[in-house]
Structures are given as C-alpha cells and as structure tokens.
Amino acid sequence: MFKSFFPSPKLFFWSFVLWSVVCVLVWFLYGEELGQYLSFGGLFGYAYTLAPAAVEGSQAAQAAEPAINPGADFWFYQYMFYGYALFIGVWMYLSPHKWARWSVLGTGLIIFVTWFQVHLDVMINDWFGTFYDSIQQALAKPNSITAGDYYGQLLTFGKIALVAVTLSVFTRFFVSHWIFRWRTAMNDYYTSLWGRVRHIEGASQRVQEDTMRFSTIMESLGVSLVDSVMTLIAFLPILWVLSVHVKALPVVGEVAHALVWVALIWSVFGTGLLALVGIRLPGLEFKNQRVEAAYRKELVYGEDNANRASPPVLKDLFMDVRKNYFRLYFNYLYFNVARYSYLQVGVLVPYIALGPTIIAGGFTLGVMQQILRAFGRVESSFQYLVNSWTTIVELLSIYKRLKAFELAIANQPLPSIEQPVETVESKVMAGNLLEKHD
C-alpha cells in the first residue's frame, strides 16, 4: 500500500514528523527574529516588522488581539518554503523512487497549500471580529458608520473568500490526481505479482475494488487530517489569546485560558466515548467485506461452471451476509445514539462556557463571534476522530484486507480473522453432496 508509492514509508513519515517539530522549535526560538535579516518581503512591499512582544514585552503580546501582519506572514511562508525545500531535496536525492515527484514533492505541496488555506480562515476570523463590532456600533448608535465602511468590509470578505474558493478548487483537483497516482502505484505493484496472487481469496476484488476504495477514502480522510492538524496549530494560539476575555466558567469558577481547556476536555471525552462504543465496528466491517467477497466469488464461478453456485451454497453464503449485516446494524444503532447525542450537546458547550462572561457583558459582539468561531475550529480539530469515525472504520477494514493480501503474497501467516473455520470450498462440497443425496 505504502511502499509502492512512498520511498521507505516508515522512515519518510517519521522523518517528516521529526523535521516538522524541529522547524517549529527553531521558528519559535530564533525564526521570528531572523526575519528582520533574511526576509525578502521588502522587495515586494511587505517589509518585516517585529511583533509587539519583541518591542513592548510579553504583557503587550498578551493584551494584543490576533491580527494579520503581512510582513511577518511573508517571512513565515518564506521560512516554510526553506524547510520544505530542504526536506524534499534530501529525500529526492538520497532515496530516489519512481513516484517521488508525486509522493514526496506532491505531499509537500499539499501540506503547504493546506496551511495557506487555514491562514485564509484565520484572516476571515479576524474579519468577523471587526465586522460584528461595527454592526454592534451601528445598532447602538444609528449612522455611526457610513455605507462605505459597511460595504467596504463586505468587499474585504469577498476578496478573501474568492482566493479561498479558487485555491480550494485547484487543491481538490491536484489532490484527486495525487490520490489516483497512489492507486496507480498500488495497482502496478499488485498486478506485477499477479501470477503469484491470482489464487489468493478475493485477489481480483483486492486489486481492483479495495485499492479504489482505499484511494477514495484517503482523498477525503487524509486531507481532512492534514487540515485538522493545521487548523489546530493556527487557531489554538488565537483561542488561547481570546480566552483572556473569559474570566470564569459556570460552577468551576476562574480558570486561566478556560476555553482551550474546555475544548480539549470535551473533545477528548467524545473521542474516548466513541472509540469505546465503536470498538467492534472495524472488525465487523472487515468481516462484512469477506462474506460479500465470498458470495460474489461463488456467483462468478457459477457463470462458467455448472457445479458451482448451487442454490443451497448460495443460500448458505447469503445467510452469512445477512447475519453480519444485522450484527453491523445493531452495533451502529447504539454507536449513532452516542455519536449524535454528543455532537448535539456539543453545540451548546461554548455558549455554556461563555455564560457568565456574556451575562456580565465582558466582551463585544465582534469578540464573541471571534471566540465562537475559533472555539469551533479548535473543537472540530480535536474531534477529528469523532467526526470521521465511520469513515476511519471503513478504511481500517480495507487496510486489513490489503495487509492480509500482502502477507499472503509474502507467504507469511495470516491474522486469525483471515482464517475462517469453514471455507467456501467446504460449503460448495457440502452443497454438492446435498444435491446428490436429493
């Protein structure tokens, strides 16, 4: 699955994680200050300026609202480009691979663009604060803002949204091609071994359908994972700063940076709850694919062989399908009760947390909108597993099938779930004997 597309997959992914951590640490320790010496932003009208913390001290930084600094942003993306270029260059040189241009270079491009999309979301979040503050001012004091101010802010949002929409369309287009290249790499790898794998149970399904479903799910799930991580990195500091407006929580009382802890605790609770409730689902989905494959395989054999696909055998195989589906439906019943209940209650969580501050009039409408939006982004990032659990379950079942397929190719022992007590062939023999007896 992975080695067909990525060079040394485990080393590649772990080195990427380690390199990302190193780049983040260097940025926060030295990177920001280096911008005044290394940034090329001044050549394009984005001269680098020091953040308030570097000029006025930490208290100014804590009191400052999140804001977009074009010069600092230009230097940050310049720094990211250096980091990505070095990582990609080393891998392309030291570990050449047939698909390296897509797997290494393409992955770096996807992550880079995803971060820029998250940055646009941060700009929109800042816009919400200014816009709703102006609305509050206009409603409290008629004609206190002009029509030019009002429509000018809407135009600002339109510009940001236009860039975001255009980038999203082209990113989705590129990701679709990137994923299909991954599927192509898997397909080429498996078909090159077709002489060895054609006798493995469900070989045709695993090469065609499972690789197709694996790539399709990875297209949505993988991009969502990257987006969630990037969103968390971008919005967690914003929520941390905005939390200074929230002086107390209901029942608990005063808690420093309360909203961050509320989002974290609530998300961890939901993730743990659904992981516990849905613990049986991956195995059931996996078995579901197996019984469906066995039933389909017997029907295919029956097209060319009159001794196969007899009614008793088909009935027995379909009963296996029926039993597993009914078992799956029952498990999804209580899983969905827990999932939807948790998500519905979660809508009220930020409003409950903000209750004492709202009642006390502790912030403006614009700040409240910024807080709610930042809280929602942080919460949804923490809740990645909650929101994607059913898709993850499906992906795990496909991964298990392809992993068992690769074990069979390597003549290694299969996991217990791949070793049914009664094989399809035994059912066929039993069905044939039953027909002869009749």
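Not measured: the values here are computed from a predicted model.

Assigned secondary structure in the protein consists of 14 helices and zero strands. Listed by position from the N terminus, the elements making up the protein come as α-α-α-α-α-α-α-α-α-α-α-α-α-α. Residues classed as buried in the protein amount to 41% of the 438 residues present. For the protein, the accessible area works out to roughly 24,400 Å², and carbon and sulfur atoms hold 67% of it.

Turning our eyes to something else, we now look at the environment of Leu38. On the secondary structure map, Leu38 appears in helix α1 (residues 9-38). Put simply, Leu38 and Trp75 are 37 residues apart on the chain and 8.1 Å apart in space, counted from C-alpha to C-alpha. Setting aside anything within four residues of it in sequence, one finds Leu38 in contact with Trp75 and Gln78.

Under the local residue numbering, the UniProt record ascribes the feature "transmembrane region" (unreviewed entry) to residues 12-30, 37-55, 75-94, 99-118, 160-180, 221-243, 255-279 and 348-368. The span residues 221-243 is 96% helical and 0% strand by assignment, and the distance between its end C-alpha atoms comes to 31 Å.

With that settled, consider helix α6 (residues 147-192). Its 46 residues give α6 an end-to-end C-alpha distance of 67 Å, which sits within 8% of 68 Å, the value for a rise of 1.5 Å per residue. When α6 is considered as a whole, its buried residues turn out to be Gln153, Ile160, Ala164, Thr171, Val175, Trp178, Ile179, Trp182, Ala185, Met186 and Tyr190. At its buried positions, α6 is contacted by α5 (100-140), α7 (194-197), α8 (203-242) and α13 (384-409).

Right, let's get into unusual backbone geometry. Even without a glycine there, the phi angle at Ser8 is positive, about 45°. Mapped onto the secondary structure, Ser8 falls in the segment before α1. With a phi angle near 70°, Val251 is a residue other than glycine that sits in the positive phi range.

Further remarks concern the packing of aromatic side chains. What the rule picks out here adds up to 44 aromatic pairs. Between Tyr77 and Phe112, the ring centres sit 5.8 Å apart and the planes meet at 70°, which makes this aromatic pair edge-to-face. Of this pair, Tyr77 sits in helix α4 (residues 70-94) while Phe112 sits in helix α5, placing them 35 residues apart in sequence. The partly exposed category is assigned to Phe112, whose relative accessible area is 23%. Measuring from centroid to centroid gives 5.6 Å for Trp102 and Phe174, while their planes differ by 20°, and the two rings are stacked. Separated by 72 residues along the polypeptide, Trp102 in helix α5 and Phe174 in helix α6 bring together distant segments of the chain. Overall, Phe174 belongs to the partly exposed group, its relative accessible area being 23%. The rings of Phe2, Phe5, Phe6, Phe12, Phe13, Phe16, Phe87, Trp91, Trp99, Trp178, Trp182 and Phe214 are connected pair by pair, giving a single aromatic cluster.

This part is about the pattern of salt bridges. Opposite charge on two side chains permits them to pair, given that their charged atoms come into close proximity. As enumerated under the stated definition, the model contains four salt bridges in all. Asp188 is the partner of Lys98 in a salt bridge, and the nearest nitrogen-oxygen pair spans 4.0 Å. Linking Lys98 in the loop between α4 and α5 with Asp188 in helix α6, this pair joins segments that are 90 residues apart in sequence. The exposure class of Lys98 is exposed, given its relative accessible area of 66%. Across the salt bridge formed by Arg308 and Glu298, the nearest N and O atoms sit 2.7 Å from each other.

When two helices pack together, their arrangement is given by the angle between the helix axes and the distance between those axes. In contact at an axis separation of 8 Å, helix α9 (residues 258-277) and α13 are set at 25° when each is read in the N-to-C sense. As judged from the angle between their axes, α9 and α13 are roughly parallel. Contacts from Gly270, Thr271, Leu274 and Ala275 of α9 reach α13 at Leu385, Val386 and Trp389. A breakdown of the residues in the contact of α9 with α13 according to their chemical character gives five nonpolar, two polar and no charged.

This brings us to the nonpolar core. If you look at the biggest cluster of nonpolar residues, it comprises 80 residues, and the most contacted ones within it are Trp182, Tyr190, Phe214, Phe235, Leu259, Ile371 and Phe405. With 13 residues, α8 is the largest single contributor of residues to this core.

A few words now on helix α12 (residues 365-382). The end-to-end C-alpha separation of α12 is 26 Å, in line with the 26 Å expected for 18 residues at 1.5 Å each. When we look at burial in α12, the residues that qualify are Gly366, Val367, Met368, Gln370, Ile371, Leu372, Arg373, Ala374, Phe375, Val378, Glu379 and Ser381. Close packing links the buried residues of α12 with α5, α8, α9, α11 (311-359) and α13.

Another aspect to go through is a positive patch on the surface. Taken together, Arg280, Lys287, Arg322, Lys323 and Arg327 make up a surface patch of like positive charges. No other element matches the three residues that α11 contributes to the positive patch. Looking at the element boundaries, Arg327 is found in helix α11. Judged by relative accessible area, Arg327 falls into the partly exposed class, the value being 37%.

This brings us to the confidence of the model for the protein. Looking at the protein as a whole, the pLDDT averages 81, with 89% of positions reaching at least 70. Within the protein, the lowest mean pLDDT, 40, falls on helix α3 (residues 58-63), and the highest, 90, falls on α6. Scored below 50 in pLDDT, residues 53-67 shows 16 contacts in the model against residues more than four places distant or in partner chains. Overall, residues 433-438 carries pLDDT values under 50, and its contacts beyond four positions in sequence, including any with other chains, amount to four contacts.

Thresholds, definitions, all that
Sequence order sets the numbering: in each chain, residues are counted from 1 along the sequence as written. Where totals are concerned, whole chains, interfaces and linings use all residues; where local detail is concerned, this predicted model gives features only for residues with pLDDT of at least 70, and gives and counts side-chain atom pairs only at 80 or more. Excluding hydrogens and water, the side-chain figures rest on all heavy atoms present in the structure. Only DSSP runs of H or I covering at least 4 residues are called helices, and only runs of E covering at least 2 are called strands; the numbering of each starts at the N terminus. Exposure categories follow from relative accessible area, calculated using a 1.4 Å probe and restricted to protein chains: below 20% of the type maximum is buried, above 50% is exposed, and the middle band is partly exposed. We get accessible surface area from the Shrake-Rupley algorithm with a probe of 1.4 Å; when it comes to residues, only the shown protein chains can shield them. When checking whether two residues touch, look at their non-hydrogen atoms; a contact exists if any pair is within 4.5 Å. UniProt positions are given in the numbering used here, feature names are shortened, and annotations may be inferred rather than shown by experiment. In a helix, the anticipated span is given by 1.5 Å times the number of residues less one. Centres within 6.5 Å make a pair out of two Phe, Tyr or Trp rings, where for Trp the six-membered ring is used; the pair is then stacked when the planes are under 30 degrees apart, edge-to-face when over 60, and tilted otherwise. Between Lys or Arg on one side and Asp or Glu on the other, a salt bridge is scored when a side-chain nitrogen of the former is within 4 Å of a carboxyl oxygen of the latter. Working convention: axes come from line fits to C-alpha atoms, limited for helices to the stretch in contact. Angles between N-to-C directions cover 0 to 180 degrees. What sets the label is the angle itself: under 35 degrees gives roughly parallel, over 145 gives roughly antiparallel, 65 to 115 gives roughly perpendicular, and the rest give oblique. We call Asp, Glu, Lys and Arg charged. Ala, Val, Leu, Ile, Met, Phe, Trp, Tyr, Cys and Pro are nonpolar, and the rest, Gly among them, are polar. Remark: nonpolar core denotes a set of buried residues (Ala, Val, Leu, Ile, Met, Phe, Trp, Tyr, Cys) joined through side-chain atoms within 4.5 Å. Exposure above 30% relative accessible area and no salt bridge define the residues that can form patches, which grow by joining like charges within 9 Å and nonpolar side chains of Val, Leu, Ile, Met, Phe, Trp and Tyr within 5 Å. We score Asp and Glu as negative and Lys and Arg as positive, and we do not count His or the chain ends. We put the charge of a Lys on NZ, of an Arg on CZ, of an Asp on CG and of a Glu on CD. For every residue, the predictor reports its confidence as pLDDT, a number between 0 and 100.

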